[in-house]
Structures are given as structure tokens and as C-alpha cells.
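Structural description and commentary
Below are the chains, spelled out letter by letter.
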Amino acid sequence: MTAAEEQITAEVAAGHSWVDLADLPLADRIVSAEFLDHLLSPDGGLGRIVALHLKAARVVGTLDLSFRRIETALDLRECDFEQVPRFGRTTIPALDVVDCHMPGLWANALKVEGSLCLDRSVFEGPISLIGCEIGDDLILNDATATTWQDNPVVSLYGAKIGCNLSLSDVTFRGLLRLAQATVGATVLLDRARLSGPESLKGALRPALDATGLSVGGQLDIRGATVQGEMLLSDISVGRVVDLSGTKIDNSLGDAVTLDGSRVRGDVLLAGATLAGTTRLVGADIAGSVHVSDAHLWSAQGESLIMDGATVHGVLSLHRTHVGAIRLFQTHVTGLDDDLGGGEDGLGSWSSAHPLDLRGFTFQQLNDEPESSVALRERWLRGTASYDPAIWRTLSRVYASSGQDALARRVNMAQEDDRLARMPRGPRKFGRWSLRLLIGHGYRPERSFIWGALVVAAFTLLVSLRSQELTPKPPTSRDAQPLIYATDVFLPIIDFGEASRFEAVGAVLVVQWVVIALGWALSSLFVAAFSQTVRKPS
């Protein structure tokens, strides 16, 4: 029996649960794994030990407590393990491994009735906690773990944690796997440093795989530094997903993937720097998505993709540089952006090229002056392709707030956008004509202006060439130019003036043109008034 083992035996026999070996010389702190195994056994000779707090031991051999029910709450502090401890399918009241150094930890299906604490420990190999059940908290704050293999550096696949999972300030080199895990309260990854496995194809492999993670409270990843993708697909979070201040470097792949996620609170990206694609495809966000003072960019493809996402609160975009954005079939209740800011007035949208807003809908805008409608039109004209749905959405928002004039202006701008992107041909010429004559059908009064110009011009011609109008008997007087021109121009309505004279020469030729223009402009006015030319695109 070593000096350390003798001291442990004496302290435990005396009823002391704390055993500090720090006063012994380093060479005398050796404790065999077999000794600890025997000490923690029901027949260890010292009776039932409720708790054992062991500090500064050097454990040699393999401590294997697998498939055992340990009645002792075990607290190991500043201990150095020669081999990987094994706790597979072990049941224990509580387990603390704090400030320890070990080549790894194998504890699949471990069941801890209280808390499992691995604070500030250094693991030179993987930590495997697959399918573990922790009644209270699982804490790895400031822990360090490294693996150079393809296996995850920390695996909590399918784990069940009753309260909090705390991974604050950890440093993990390799994949952190939280897939299919269930956490009753909060997951803390604030200030974590994660590095995914290297890939031969340029893009890094995921540094965090939390696919299917279920969190009852908040998912806090504030201020994390990540090399590789954060895979958060199909997660369920009861409160907020907070990525504020997080820095992710995976410019050739995906930075954050929240595809199919269900978040009952907000998604926060304040001050985040995300190199790679940020994805929220098919996400359902009960709260809002806040992107402010952030930098989102990707060397390949879109910087932000929210295809099919539903945000029941507000999509907020302020003071942010975002590369290509795709909001295909995205539905948000409110849109709160900084339109009007920046050199070009487009705010955070100015860097979004290309901008895909096909099927993007919102029900209300943040408070903004009526003058902002011009910027809204520029915003939509800057999209990658013409989409009538987003224009109609903007028009409905103005109409629902009682701003009918702005709604009509947006409708006209929609037709202008469609016209600008239309290929050359007779159809484009026809639409240009409708734009000039009746404002695409939203300004039927323009036909009166054009009609007045036609009548005025014809009146001048009749005045100058009155000799080309011959009175029909019994009429003997000269024609009244204004009345004559109006009578010729207006269809259906007959003032009787045109029928009293016979036109010849230039007046006759122009008269045919005026009659045609009268019918055309009158028909367009009626059509515009009845909305027959306001056909949806």
C-alpha cells in the first residue's frame, strides 16, 4: 500500500470525507485504480462511504467502475489519471472531476442522480457521455479537451440533463456533439472556443453538432469563437437563442445552420461575425430575429438564407453588413430595418447582392416617414428578379395603415419594375403606352390630360385652317374651333357641331386621327376605372 493509500484509508476510517494529498511529495501521491475500486465497493472493509473528496492524487491503472451502482458521491480535485477512467452504465449520487488531468473519459449511459461537474479539467482525449442521464446540472466550465481522431471530442448524443448544461469558456479541439440531447433548463456555451476537424475540401467540418437538441430554457452561445460550422438543425428551444458577439470562421461552407429549428423566443445575432452561410431554412421563431452591428458574409453562395422560415415577431436588421440574402417564401409579422441610413439610403440592405425576396411577406413596417416609400421602391427594384408578391405585400401594408395614396404609388412602381425587366418587343411597347397614358391603370385621370392636349392641338389646327371646313346647308356661319374639336374627339357624345361642316385637306386627315385617339383614350379611361388593365402578374 502506498503512502497516499495509507493516508486515504486512515482518513476514511476516522470518518473524514476530505482527503488532501497535496502535502505529500509528488512521488508519494500514487493511488492505484484497484485501491479506489475496492474502496468504493460495498465490501471495501470500511463500511458505506457517503462521500469521498480526494485531492491531488496520481491515479495509476484503469479506474473502471462500469456497470456498478456506487453509493458514494465522488469528488476528485487536482488528480492526475494515467489511463482513461471508465464509468459506462455506472449509477452514482454525484460525480465531480475538477481541475484534473486525464487522457479522456468514457462514461456512456452514466447515470448521476445529482450533478456531474468536470470544471477546469484537461482531457487529452475524447469525453464520451453518450446516453448519460444527469439529474441536475452537467458542468464543464473552462474545461479543455482535444482529439486528433474523427471521433467527437465530446459526445453527449442522446443525453438527458435535468437542469443546466454549462460549457462556458471551454476549449474543444474536435467535434462537440449534442445531437438528440435533452436539457431541462439552459445550455451555456458562452465564450466557448471550438475547432472542428479539418477537411481536405476547404470548408471545415462542424465544430458543434446539436441536431435535434431540445432545450427547455435558453441556448446561450454569446462571445464564442468557432472554427467550423455550428449545426443547430431541428433544435427546440424554449426561450432565446443568443449568438451575440459570436465569431465563426467557415467562409467556404455554412457558419450557423438553424434549419427546421423551433424557437419559442428570439434569435439574437447582435455583434456577431459569421464567415459562412447563416441558415434558418424552415425555422419557426415565436419571437423575433435581431441582427444588429453584425457582419455576415460568405465566400460561396448566400450569406443569409431563410427560405420558408416563419418569424412571428419582427425581423430586425440594423447597422449590419450582409452579403447575398435569400428570403424565399419567408414570412415575418414585422420588418424593422435601418432603411434611410448609409450613403445610398438603403442601410443594411445596401450590401445585399444578390437580394432574393421572392414570396417574402410582412404585415407591418417599423415607424418611418411617408418619404421612405421612395427608398422602399429602390429596395425592391434592387432584387435579383421581378416578383409581384413582394410588391403586393408592401402595397397591402400601406393600405392597411390607411395610406392609400402610397399603396397606389407602390402599385405603379411595381408595374414600372416589371416593365424595366421586360424584354424588348411589342408587349413592352404596349405596356409603356399604358404607363404614359393611364399610369398602368392606377392614374386614369391622365387620359383627361392627354385628351385635353389632343383637343387643344386640334382646336389650333381648325382655327388656322378654317377654310378647310365647308358649312352644310342650312348652316351659314363659321365653325367654333373648340366646340368642333371637342365634338370630334369625344365618342358617343354629340354636340352637333361636327355634323354641320364638311372637312377637307389636312383637317380631314387629322380629324380621323383625333377620332381614333378619342376612342382609344376613352376606352382606356373606362378600362382603368374598372381595373381591367390591373391584371396581376
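Our subject is the structure that appears above.
Summary of the structure given here. Because the structure is a prediction, the values reported are computed rather than measured.

1. Here we look at the overall build of the protein chain
When helices and strands are tallied, the protein chain shows nine helices and 48 strands. Its C-alpha radius of gyration of 39 Å places the protein chain more than 25% over the 24 Å reference for a compact globule of 537 residues. Dimensions along the principal axes, computed over C-alpha positions, put the protein chain at roughly 145 × 40 × 30 Å. Across the 537 residues of the protein chain, 51% fall into the buried class. Here the analysis covers contacts within the protein chain between residues at least 6 apart in sequence; of these, 48% occur between residues at least 24 apart. Carbon and sulfur atoms form 55% of the exposed surface of the protein chain, whose accessible area is close to 23600 Å². Counting 49 positive and 63 negative side-chain charges, the protein chain places the averaged centre of each group 12 Å from the other.

2. What to know about empty space enclosed by the protein
Counted by the stated rule, this structure contains one cavity of 30 Å³ or more. There is about 50 Å³ of room inside the largest cavity. Every residue along the wall of the largest cavity is listed here: V291, L304, M306, L315, L317, I325, L327 and W349. Its residues placed into classes, the lining of the largest cavity shows eight nonpolar, no polar and no charged.

3. Some points on unusual backbone geometry
In this chain, H353 is followed by P354 through a cis amide linkage whose omega measures -5°. Inspection of the secondary structure puts P354 in the loop between β44 (331–337) and β45 (355–356). P474 follows P473 through a cis peptide bond whose omega is 5°. Structurally, P474 is set in the loop between β47 (469–471) and α8 (481–489). A positive phi angle, close to 55°, is found at F67, a residue other than glycine. Here D99, not a glycine, exhibits a phi torsion of approximately 55°, which is positive. Tracing the backbone shows D99 in the loop between β8 (95–98) and β9 (101–102). Residue D99 is classed as partly exposed on the basis of its relative accessible area of 31%.

4. Digging into the packing of aromatic side chains
Scanning the entire structure with this criterion turns up five aromatic pairs. Measuring from ring centre to ring centre gives 5.2 Å for W349 and W379, while their planes differ by 50°; the resulting arrangement is tilted. Within this pair, whereas W349 is found in the loop between β44 and β45, its partner W379 is found in helix α3 (residues 373–381), the two being separated by 30 residues in sequence. Of the residues examined, W349 reaches a relative accessible area of 4% and is grouped as buried. An angle of 50° between the planes, with centres 5.6 Å apart, marks the rings of F360 and F362 as tilted. For the pair F360 and F362, a shared accessibility class is recorded, and that class is buried. Within the aromatic cluster, the residues linked to one another by ring pairs are W349, F360, F362 and W379. The positively charged end of R86 is found above the aromatic ring belonging to W106, 4.4 Å away from the centroid.

5. What to know about the pairing of strand β3 (residues 51–55)
Of the pairings in the sheet, the one linking strand β1 (residues 18–20) to β3 comprises three bridges and is parallel in character. Paired with V19 across the bridge in β3 is L54. As defined by bridge partners, β3 adjoins strand β5 (residues 73–77) across five bridges and the pair is classed as parallel. The partner of K55 across the bridge, within β5, is R77.

6. Structural notes on the packing of helix α4 (residues 388–400) against helix α5 (residues 404–421)
The geometry of α4 relative to α5 is characterised by a closest axis approach of 7 Å and an angle of 170° between their N-to-C directions. Relative to α5, α4 is oriented roughly antiparallel. Across from P388, W391, R392, L394, S395, Y398 and A399 in α4, the residues of α5 making contact are D404, L406, A407, V410, N411, A413, Q414 and D417. Grouping the constituent residues of the contact of α4 with α5 by class yields nine nonpolar, three polar and three charged.

7. Digging into the side chain of D209
Note on placement: D209 falls in strand β26 (residues 208–209). The contacts of D209, once residues within four sequence positions are left out, are L175, L176, R177, L178, A179 and L231.

8. Things to note about the nonpolar core
Core analysis: the largest hydrophobic core is formed by 128 residues, its most contacted members being L21, L110, F172, W349, F360, F362 and W379. Broken down by element, this core gets its largest block of residues, five residues, from α4. By size, the runner-up hydrophobic cluster in this structure holds 16 residues, among which are A479, Y484, V514 and L521.

9. Structural notes on α4
At 3.6 residues per turn, the α-helix brings residues three or four places apart onto the same side. In this model, α4 (13 residues) spans 18 Å end to end at C-alpha, consistent with the 18 Å of a helix rising 1.5 Å per residue. For α4, the full list of buried residues reads P388, I390, W391, T393, L394, S395, V397 and Y398. Note on α4: the residue one or two positions beyond its end, G402, has a positive phi of about 80°.

10. A look at the pairing of β8
Neither face of β8 is exposed, since L95 and V97 on one face and D96 and V98 on the opposite face are all buried. Strand direction decides the pairing type here: β5 and β8, joined by four bridges, are parallel. Directly across from R77, in β8, lies its bridge partner V98. One ladder, built from two bridges, connects β8 with strand β12 (residues 116–117); its direction is parallel. The partner of L95 across the bridge, within β12, is L116.

11. Examining the layout of surface pockets
One number sums up the size of the largest pocket: a volume of about 260 Å³. What lines the largest pocket is a set of 12 residues, among which T147, W148, G196, P197 and E198 lie closest to the centre. In this structure, the second largest pocket spans a volume of roughly 210 Å³. Lining the second largest pocket we find S447, F448, G451, A452, V455, T486, F489, L490, P491, L521, S522 and F525.

Reading the values: rules and limits
Residues numbered from 1 in each chain as written. Predicted model: local features only at pLDDT ≥ 70, side-chain atom pairs only at ≥ 80, totals over all residues. Heavy atoms only, no water. Helix = DSSP H or I, 4+ residues; strand = E, 2+ residues; numbered from the N terminus. Rg over C-alpha atoms; globule rule 2.2 N^0.38 Å. Buried < 20%, exposed > 50% of the residue type's maximum accessible area, 1.4 Å probe, protein only. Contact = heavy atoms within 4.5 Å. Areas by Shrake-Rupley, 256 points an atom, 1.4 Å probe, with all protein chains shown as cover. Lys, Arg positive; Asp, Glu negative; His and termini not counted. Charge placed at Lys NZ, Arg CZ, Asp CG, Glu CD. 1 Å grid on protein atoms, 1.4 Å probe; cavity = no way out; pocket = protein on both sides within 12 Å on 5 of 7 lines; lining within 4 Å. Points joined across faces, edges and corners; volume = space filled by probe spheres on them. Nonpolar A, V, L, I, M, F, W, Y, C, P; charged D, E, K, R; others polar. Phe/Tyr/Trp six-rings, centres within 6.5 Å; stacked < 30°, edge-to-face > 60°. Lys NZ or Arg CZ within 6 Å of the ring centre and 35° of its normal. Pairing = 2+ DSSP bridges. Axes fitted to C-alpha atoms, helices over the stretch in contact; angles between N-to-C directions. Parallel < 35°, antiparallel > 145°, perpendicular 65-115°, else oblique. Core = buried A, V, L, I, M, F, W, Y, C linked by side-chain atoms within 4.5 Å. Expected span 1.5 Å × (residues − 1).

On their own, these measurements won't tell you what the molecule is for.
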